[in-house]
Amino acid sequence: MSGEVGEDGVVKAIDYNKLVEEFGTKKIDDALLERFERVTGKRPHHFLRRGIVFSHRDFELILDRYERGEPFFLYTGRGPSSDSVHVGHTIPFEFTKCTSGSCCWKEVWPCWPRIVCVSEQGLTKRI
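These lines cover the structure that appears in this document, whether it is placed above or below. The model shown is predicted, which means the values in this text are computed figures rather than measured ones.

The opening residue of helix 1 (residues 16-23), the one whose side-chain oxygen lies 3.3 Å from the backbone nitrogen of Asn17, is Asp15. Note on helix 1: the residue one or two positions beyond its end, Gly24, has a positive phi of about 70°.

Here's what the structure looks like:
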């Protein structure tokens, strides 16, 4: 995967470690994916397995609560990263849709709440 194009026309690599640090998240590693599968009995979503969703906040706490039979919810969303909505904005929505029981995790977490926040700050009025 590549990042921005520099002034010299060269495509720069994406620094995932910098993004994790900047946004205060944790990398999703093999140990977390293995724990998910062990706890739920299901393979992790392909976005997780392929590194498309590469970091998280408190996913291990969700698994802790799931193991204890305690309730939890997913809070996700998107803020403007450009002047318009682009295909990258669909990733959290597609992932959330899947966790809502419309595909692979239907039997894992069939009834837990999902909260999606969409910010309009910085978006053009053409949207």
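Moving on, there is more to tell.
By size, the foremost hydrophobic cluster in this structure holds 13 residues, and its most contacted members are Ile28, Leu32, Leu48, Val53, Phe59, Leu63 and Phe95. Mapped by element, the contributors of at least two residues to this core are helix 2 (30-40), helix 3 (46-49) and helix 4 (59-68). Take this core: its biggest share by element is 4 residues, from helix 2. Leave out the neighbours within four places in its chain, and Val53 touches Ile28, Phe47, Leu48, Ile91 and Phe95.

On to the pattern of salt bridges, then. Counted according to the given criterion, the structure contains 5 salt bridges. Notably, a salt bridge pairs Arg35 with Glu67, separated by 2.6 Å at the nearest N-O pair. Linking Arg35 in helix 2 with Glu67 in helix 4, this pair joins segments that are 32 residues apart in sequence. Overlapping salt bridges bring together Arg35, Asp64 and Glu67 as one network.

This next bit is on the side chain of Thr40. Looking at where Thr40 falls in the secondary structure, it is placed in helix 2. Taking relative accessible area as the criterion, Thr40 reaches 13% and is therefore assigned buried. Of the polar contacts made by the side chain of Thr40, one reaches the backbone oxygen of Phe36; its length is 2.7 Å. In this structure the side chain of Thr40 is engaged in a polar contact, spanning 3.1 Å, whose partner is the backbone nitrogen of Lys42.

For any two helices packed against each other, one specifies the crossing angle of their axes together with the interaxial distance. Where helix 2 meets helix 4, the closest approach of the two axes is 11 Å, and the angle between their N-to-C directions is 15°. Overall, the two elements helix 2 and helix 4 adopt an arrangement that is roughly parallel. For the element pair helix 2 and helix 4, the recorded crossing hand is left-handed. Here Leu32, Arg35, Phe36, Val39 and Thr40 of helix 2 come into contact with helix 4, specifically with Phe59, Glu60, Leu63, Asp64, Tyr66 and Glu67. For the contact of helix 2 with helix 4, a count of residues per class yields 6 nonpolar, 1 polar and 4 charged.

Each value, and the rule that gives it
Residues numbered from 1 in each chain as written. Predicted model: local features only at pLDDT ≥ 70, side-chain atom pairs only at ≥ 80, totals over all residues. Heavy atoms only, no water. Polar contact = N/O pair within 3.5 Å; in protein donor to acceptor, adjacent residues only side chain to side chain. Helix = DSSP H or I, 4+ residues; strand = E, 2+ residues; numbered from the N terminus. Core = buried A, V, L, I, M, F, W, Y, C linked by side-chain atoms within 4.5 Å. Buried < 20%, exposed > 50% of the residue type's maximum accessible area, 1.4 Å probe, protein only. Contact = heavy atoms within 4.5 Å. Salt bridge = Lys/Arg side-chain N within 4 Å of Asp/Glu carboxyl O. Axes fitted to C-alpha atoms, helices over the stretch in contact; angles between N-to-C directions. Parallel < 35°, antiparallel > 145°, perpendicular 65-115°, else oblique. Left-handed = near helix turned anticlockwise from the far one by under 90°. Nonpolar A, V, L, I, M, F, W, Y, C, P; charged D, E, K, R; others polar.

These figures capture arrangement, not role.
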